Amino acid sequence: MSSRTKDVYLVIGGSGFLGRHVVEALLARGDAVSVFDIVQRYHDVPFYMGDISEEEQVADALRKSGATCIIHTASPLHGMDDPALYWKVNVDGTQAVINAAVATGVPKLVYTSSAGVVFNGNDLIDVDERIPQPEKAMDPYNESKAKAEQIVLEANGKGGLYTVALRPAGIFGPGDRQLITGLYQTWQRGQSHFQIGDNTNLFDWTYVGNCAYAHLLAADKLGPPNPAEIARLKEELQVALPS
Ligand code: NAD
């Protein structure tokens, strides 16, 4: 029998590819979940229409849904030529989510970052979360995701809010409208008649169901520091962790 405390979830970006899988995973284990998004695609859970860059809209959804945990998966799609939109939604919007969480007393925030925030143009082999962000981001999307991740992690433990950020690599699986679809369209348009590298390049992929599951596990573990658990991890991993 599980000993986890039951949370009430608000999935921000829950109409999207990953967000929908998070909603389905929560429903499958019997949790209460609502969605906040600028578009509605599903009608099986309570839905709050709004833009994360409007703090009051987020706060209103948090109050009405009774959420105790936010899973924030919202972002404009990668690959658009609109740096201002990325900054507005990912940076200002994520700050607004944090402000709304603190203002309404929500104690948990799980943020979907991206593996791209540490890409520096070189091969990254066997790295982990201790690798620093590069000085120059790959593109405006990743610059905004990196900044958003920073402000999420800096908010940890302040105003009664505990936070965590996850960095999935390219996500694939049912409902994908971007990654595999984009690669397929490139092939269909005959735009794949050249090759970069010698066919030995590697790239990380994350199955969407595993990615959603990771968000649930992160949410379940989030909370005030547990000194006994930190001591156990230090021992097990032989690394310096903050106390
Ligand atoms: P998606 O576009 O399918 O879903 C994003 C959702 O966010 C959409 O439903 C969209 O309407 C919503 N949204 C956008 N702007 C909003 C706003 N201002 N206010 C409220 N909602 C808004 O994208 P996805 O592929 O499911 O990606 C989910 C998250 O995972 C994103 O944060 C993305 O940066 C991250 N990520 C995705 C991949 C990938 O390969 N798809 C890889 C790494 C990280």
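Reference entry: report on the structure contained in this document.

Reading guide: rules and limits
The residue numbering used here restarts from 1 in each chain and proceeds along that chain's sequence as written. It should be noted that, the model being predicted, local features are given only for residues of pLDDT at least 70 and side-chain atom pairs only at 80 or more, the latter also being counted only at that level, while totals for whole chains, interfaces and linings use all residues. No hydrogens and no water enter the side-chain calculation; it runs on all heavy atoms of the structure. Numbering of helices and strands starts at the N terminus; helices are DSSP runs of H or I of at least 4 residues and strands are runs of E of at least 2. Exposed residues in this analysis have more than 50% of their type's maximum accessible area, buried residues have under 20%, and partly exposed residues fall in between, with area computed by a 1.4 Å probe over protein chains only. Here a polar contact means two N or O atoms within 3.5 Å. Within protein one must be a hydrogen donor candidate and the other an acceptor candidate, and residues neighboring in sequence count only if both atoms are side-chain atoms. By definition, residues are in contact when any of their heavy atoms lie within 4.5 Å. Here an axis means a line fitted to C-alpha atoms, over the contact stretch when the element is a helix, while the angle between two N-to-C directions is reported on a 0 to 180 degree scale. Handedness of each helix crossing follows the sense of rotation of the near helix against the far helix: counterclockwise by less than a right angle gives left-handed, clockwise gives right-handed. Only Asp, Glu, Lys and Arg are considered charged in this grouping, and only Ala, Val, Leu, Ile, Met, Phe, Trp, Tyr, Cys and Pro are considered nonpolar; every other residue, Gly among them, is considered polar. Any Lys or Arg side-chain nitrogen located within 4 Å of an Asp or Glu carboxyl oxygen qualifies as a salt bridge. Only a single heavy atom is needed: when it lies within 4 Å of a molecule or strand, its residue is near that molecule or strand. Using a 1.4 Å probe, accessible areas were evaluated by the Shrake-Rupley method; residue-level cover was limited to the displayed protein chains. For two strands to pair, DSSP has to find at least two bridges joining them.

Brief notes about the side chain of His215
Secondary-structure assignment places His215 in helix 6 (residues 208–221). Relative accessible area serves as the criterion here: at 0%, His215 is assigned to the buried category. Among the polar contacts made by the side chain of His215, one reaches the main-chain carbonyl oxygen of Cys211 at a distance of 2.7 Å. Non-local contacts of His215, meaning those with residues more than four positions away in its chain, are made with Leu18, Val22, Ile71, Val110, Thr112 and Leu166.

Describing the packing of helix 1 (residues 17–28) against helix 6
Two packed helices can be described by the angle between their axes and the distance between those axes. Following both chains from N to C, one finds helix 1 and helix 6 inclined at 60 degrees, their axes separated by 9 Å at the closest point. For helix 1 against helix 6, the interelement crossing comes out right-handed. For the pair helix 1 and helix 6, contact is made by Phe17, Leu18, His21, Val22, Ala25 and Leu26 and by Val208, Cys211, Ala212, His215 and Leu216, respectively. Of the residues that constitute the contact of helix 1 with helix 6, the class distribution is nine nonpolar, two polar and no charged.

Observations concerning unusual backbone geometry
Its identity as a non-glycine residue notwithstanding, Asp126 has a phi of 55 degrees, on the positive side. Take Asp126: it is sitting in the loop between strand 5 (108–112) and helix 4 (140–154). Overall, the relative accessible area of 79% leaves Asp126 in the exposed class.

A word on the pattern of salt bridges
All chains considered together, the criterion is met by 13 salt bridges. Here Lys88 ties to Asp51 by a salt bridge, and the two come within 3.6 Å at their closest N and O atoms. Here Lys88, found in helix 3 (residues 83–104), pairs with Asp51, found in the loop between strand 3 (47–49) and helix 2 (55–65); they are 37 residues apart in sequence, far enough to count as distant. With relative accessibility at 38%, the residue Lys88 sits in the partly exposed group. Between Arg130 and Asp128 there is a salt bridge, and its shortest N-O distance comes to 2.6 Å. For Arg130, a relative accessible area of 60% puts it in the exposed group.

Focus on the site of the ligand
Not every one of the 29 residues close to the ligand is listed here, only the nearest: Leu18, Asp37, Tyr141, Lys145 and Ile171. Interatomic distance of 2.8 Å between a backbone N/O atom of Leu18 and an oxygen atom of the ligand. A total of 830 Å² of accessible area belongs to the ligand in isolation, and the protein chains cover 92% of it. Only helix 1, helix 4 and strand 7 (170–172) provide two or more residues apiece to the shell around the ligand. In the shell around the ligand, the residues fall into 13 nonpolar, 11 polar and five charged.

Considering the sheet that holds strand 3
With parallel pairing, the six strands of this open sheet are ordered in space as 3-2-1-4-5-6. In the strand order of this sheet, the two ends are held by strand 3 and strand 6 (162–166), each with one partner. The mean inter-strand angle of the sheet, taken between neighbouring strand axes irrespective of direction, is 15 degrees. Of the pairings in the sheet, the one linking strand 4 (residues 69–72) to strand 5 comprises four bridges and is parallel in character. Its bridge partner being in strand 5, Ile71 is matched across the sheet by Val110.

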